[in-house]
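# Geometric and topological summary
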Amino acid sequence: MNNGMNENLQIRTYKKSGHIEVIAGSMFSGKTEELIRRIRRAQIAKQRVKVFKPKIDDRYSETSIVSHSEQSFPSEMVESASEIPDKCFDYEVIGIDEAQFFGKELVDICQMLADSGKRVIVAGLDQDYKAKPFEPMPQLLAIAEYITKTLAVCVVCGAPANRTQRVSAENERVLVGGKDHYEARCRLHHTIVE
Ligand code: ADP
Ligand code: MG
C-alpha cells in the first residue's frame, strides 16, 4: 500500500559492502602507526573498532598494539587467526597487526569478514629478513581493495628503506624483536646472509 515507506525500509536494510585494506612494508616503516591512525579516525566517526594481534608478539604489551614511536591502541591477543571471526560480531572496523605471524588461514578469514560487510585493515611485514615475500602478505595484497606500502629510512644512508636487515646472528625466519635484532635498510645496504 504505502510504497514510499517500503522503499525506505529497503534502503535501510541494504547490506553495506566491506573491504580489505593492507598496510605492508619493512620494520620501522610506520605500519603500526598507520594502522593506529586509521583506527582512531574510524573511532572519531563513531564506528565500532576492534584490533587483534598475534600472541607471539608480546614485545611491548599484551593489551595494546604499540608502535616504535610509542603510540598505542588497545588490542586483543589471539593465538591463531581462527579465533578472530567469533570476536568480530559487534564491530564494523577490524584492525589486524603483525599479519605475517598469522599464517595463510588469515587470508580466508579476512575475506569472510570483508564479505560480511566489515572494513578490515591488515598491517604486516611484506618481506622477511632475506627479502623473501612473507606469507600471507602476498596473498592479502592480491585480494585487498586498497594497498599502502610504507617505507622506513635506511640507517646507513638515509634513503627510503624497503627491507629489514637482521643484525643479530640468529637465522630462524621468525624471530620477534626490535632494534636489538633488526635495522631498516635500502636495497643497496641490505645484505642477505645465508
Ligand atoms: P612498523 O610497525 O612498520 O615496524 P612503527 O609504526 O612501529 O613501524 O614505527 C614507525 C616509527 O619508528 C617512526 O615513526 C619512527 O619514529 C621510528 N623509527 C625508528 N627507526 C626508524 C627508521 N630507520 N626509519 C623510519 N622510522 C624509524
Ligand atoms: Mg608494527
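Up top is the structure.
Below: a short report on this structure. Source: prediction; values computed, not measured. (Residues numbered from 1 in each chain as written. Chains lettered and ligands numbered in written order. Predicted model: local features only at pLDDT ≥ 70, side-chain atom pairs only at ≥ 80, totals over all residues.)

### Here's the deal with the overall build of the protein chain
Definition in use: Helix numbers and strand numbers start at the N terminus; a helix is a DSSP run of H or I with at least 4 residues, a strand a run of E with at least 2. In this scheme every C-beta is placed from the backbone, and a residue whose C-beta has 20 or more other C-beta atoms within 10 Å is buried, one with 12 or fewer is exposed, and one in between is partly exposed. Residue pairs are scored as contacts if the distance between their C-beta atoms, which are placed from the backbone, is within 7 Å.
When helices and strands are counted, the protein chain shows four helices and 12 strands. In terms of its C-alpha atoms, the protein chain occupies a principal-axis envelope of roughly 75 × 30 × 30 Å. The proportion of buried residues among the 194 residues of the protein chain is 37%. Considering only residue pairs separated by 6 or more positions, the protein chain has 73% of its internal contacts joining residues 24 or more positions apart.

### Points about the site of ligand 1
For clarity, the cut-off: As a rule, any residue with its backbone-derived C-beta atom within 6 Å of a molecule or strand is reported as near that molecule or strand. Residues are sorted three ways: Asp, Glu, Lys and Arg are charged, Ala, Val, Leu, Ile, Met, Phe, Trp, Tyr, Cys and Pro are nonpolar, and all the rest, Gly among them, are polar.
Not every one of the 16 residues close to ligand 1 is listed here, only the nearest: Lys-31, Thr-32, Ser-67, His-68 and Ala-152. Listed by contribution, the elements that provide at least two residues to the shell around ligand 1 are helix 2 (31-44) and strand 9 (152-153). Top element by residues in the shell around ligand 1 is helix 2. It accounts for three residues. Of the residues that constitute the shell around ligand 1, the class distribution is six nonpolar, eight polar and two charged.

### Topic: unusual backbone geometry
Across the junction of Glu-135 and Pro-136, the peptide omega takes the value 5°, indicating a cis bond. Its location among the elements puts Pro-136 in the loop between strand 7 (119-125) and helix 4 (137-143). Here Phe-28, not a glycine, exhibits a phi torsion of approximately 70°, which is positive. Mapped onto the secondary structure, Phe-28 falls in the loop between strand 1 (19-25) and helix 2. Judged by local crowding, Phe-28 falls into the buried class, with 22 C-beta atoms found within 10 Å.

### Quick look at the environment of Lys-87
Take Lys-87: it is sitting in the loop between strand 5 (76-78) and strand 6 (93-96). Of the residues examined, Lys-87 has 13 C-beta atoms within 10 Å and is grouped as partly exposed. Put simply, Lys-87 and Lys-132 are 45 residues apart on the chain and 32 Å apart in space, counted from C-alpha to C-alpha. Those residues in contact with Lys-87 that lie beyond four places of it in its chain are Lys-50 and Glu-76.

### Here we look at the pairing of strand 11 (residues 163-166)
Our working rule: Being paired, for any two strands, means DSSP has found at least two bridges between them.
Residues Arg-163 and Gln-165 point to one face of strand 11 and Thr-164 and Arg-166 to the other, with burial holding for every one of them. Bridging between strand 11 and strand 12 (residues 182-185) involves four bridges; their strand directions are antiparallel. Paired with Arg-166 across the two strands is Tyr-182, which belongs to strand 12.

### Remarks on helix 3 (residues 105-115)
Along an α-helix, residues three or four apart share an orientation, since each turn contains 3.6 residues. Residues of helix 3 that are buried: Leu-106, Val-107, Ile-109, Cys-110, Leu-113 and Ala-114. The inward-facing, buried residues of helix 3 contact strand 1, strand 6, strand 7 and helix 4. Positive backbone phi, approximately 100°, marks Gly-117, located one or two places after helix 3.

### Topic: the environment of Lys-55
Note that Lys-55 resides in the loop between strand 2 (49-54) and strand 3 (64-66). The contact partners of Lys-55, leaving out residues within four places of it in the chain, are Met-77, Val-78 and Glu-79.

### Some points on helix 2
To be explicit about the condition: Each helix should span, by expectation, one fewer than its residue count multiplied by 1.5 Å. The arc in question is the one spanned by the directions pointing from the helix axis to the C-beta atoms.
Helix length check: helix 2 (14 residues) gives 20 Å between terminal C-alpha atoms against 20 Å at 1.5 Å per residue, within 8%. Turning to helix 2, its buried residues are Lys-31, Thr-32, Leu-35, Ile-36 and Ile-39. When helix 2 is viewed along its axis, its buried side chains cluster within an angular range of 130° and face the same direction. In this structure, helix 2 carries Arg-41 and Ile-44 as exposed residues pointing more than 90 degrees from its buried face. Just past helix 2, the residue Lys-46 takes up positive phi, approximately 65°.

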